[in-house]
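In case you want the letters, here they are:
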Amino acid sequence: QHWAMILHNEMQRQGRLRSLTWDDSVYGPTHQATWTSIVQIDEIEYGRGTSSTRQGARDEAARLALQ
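Since the structure is predicted, the reported quantities are computational estimates derived from the model, not experimental observations. (Residues numbered from 1 in each chain as written. Predicted model: local features only at pLDDT ≥ 70, side-chain atom pairs only at ≥ 80, totals over all residues. Heavy atoms only, no water.)

Formed by A4, L7, M11, L20, V39, I41, A61, A62 and A65, the largest nonpolar core amounts to nine residues. Broken down by secondary-structure element, the contributors of at least two residues to this core are α1 (3-13), β2 (34-41) and α2 (54-66). When sequence neighbours within four positions are dropped, the list of residues in contact with V39 reads L7, L20, T21, W22, I44, E45, Y46, G47, A61, A62 and A65. (Core = buried A, V, L, I, M, F, W, Y, C linked by side-chain atoms within 4.5 Å. Buried < 20%, exposed > 50% of the residue type's maximum accessible area, 1.4 Å probe, protein only. Helix = DSSP H or I, 4+ residues; strand = E, 2+ residues; numbered from the N terminus. Contact = heavy atoms within 4.5 Å.)

All told, the structure shown has five salt bridges when counted by the stated rule. The salt bridge partner of R48 is E45, with a shortest N-O separation of 2.9 Å. In this structure R48 comes out as partly exposed when scored by relative accessible area, which is 46%. Taking the relative accessible area as the measure of exposure, E45 reaches 38% and is therefore partly exposed. (Salt bridge = Lys/Arg side-chain N within 4 Å of Asp/Glu carboxyl O.)

Here it is in structure tokens:
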């Protein structure tokens, strides 16, 4: 599932897209990078995800935020 897109669409539907922010960071060498993404709504953390790709980390964080 593309959870980040689902979250984005839901926030847009509610007219609150501007309150959605992402804090992405990457660690490790390029060939073994680990991404961490934190999704915030109105500056409150709702989910945190980790993956080998930025999109994967965002999808995990968004999935947690949508629970």
